[in-house]
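# Topology and contacts: notes
In case you want the letters, here they are:
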Amino acid sequence: MKVIAANGGVQIIGAQGKKVVITNILGQTVANTVLSSDNATIAAPAGVVVVAIEGEDAVKAIVK
């Protein structure tokens with residue numbers, strides 16, 4: 001699985017069928033969804049976000 005910070009969102013590759021939770025640096029949930037695609041882009045506010053994918057370690061991404 002791959003997490004790529006993009007302009008205005010986070011692109012997640014290879015996590016089809018997995019639950020994804022994106023939170024901002026304050027711990028507020030930005031997105032909570034199950035991915036239906038193996039290449040999905042989820043909108044997120046600019047700044048540092050934490051991306052937690054079911055069964056994987058959480059990673060930080062900087063959204064522009």
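A quick note: this is a predicted structure, and the numbers were derived from the prediction, not measured.

Procedures and definitions
Residues numbered from 1 in each chain as written. Predicted model: local features only at pLDDT ≥ 70, side-chain atom pairs only at ≥ 80, totals over all residues. Heavy atoms only, no water. Helix = DSSP H or I, 4+ residues; strand = E, 2+ residues; numbered from the N terminus. Buried < 20%, exposed > 50% of the residue type's maximum accessible area, 1.4 Å probe, protein only. Contact = heavy atoms within 4.5 Å. Areas by Shrake-Rupley, 256 points an atom, 1.4 Å probe, with all protein chains shown as cover. Lys, Arg positive; Asp, Glu negative; His and termini not counted. Charge placed at Lys NZ, Arg CZ, Asp CG, Glu CD. pLDDT = per-residue confidence, 0-100. Pairing = 2+ DSSP bridges. Axes fitted to C-alpha atoms, helices over the stretch in contact; angles between N-to-C directions.

### Details of the overall build of the chain
Helix and strand counts for the chain come out as 0 helices and 7 strands. In the chain, the succession of helices and strands from N to C terminus is β-β-β-β-β-β-β. Projected onto the principal axes, the alpha-carbon positions of the chain cover approximately 25 × 20 × 15 Å. Taken over 64 residues, the chain has a buried fraction of 28%. Looking at the chain alone, contacts between residues at least 24 apart form 44% of all its contacts between residues at least 6 apart. Carbon and sulfur atoms provide 50% of the accessible area of the chain, an area that totals close to 3,800 Å². Side chains of the chain give 5 positive and 4 negative charges; the mean places of these two sets differ by 9 Å.

### Regarding the confidence of the model for the chain
Residues with a pLDDT of 70 or more make up 100% of the chain, whose mean pLDDT is 96. Averaged pLDDT values over the elements of the chain bottom out at 95 in strand 1 (residues 2–6) and peak at 98 in strand 3 (residues 19–24).

### Remarks on the sheet that holds strand 6 (residues 47–53)
Read across the open sheet, the 4 strands follow the order 4-3-6-7; overall the sheet is antiparallel. Looking at strand neighbours, the two that pair on one side only are strand 4 (29–34) and strand 7 (59–63), the edges of this open sheet. Looking at each pair of strands side by side, their axes are set apart by 20° on average, direction ignored. Pairing of strand 3 with strand 4, which is carried by 5 bridges, proceeds in the antiparallel orientation. In the sheet register, K19 faces strand 4, and the bridge partner there is V34.

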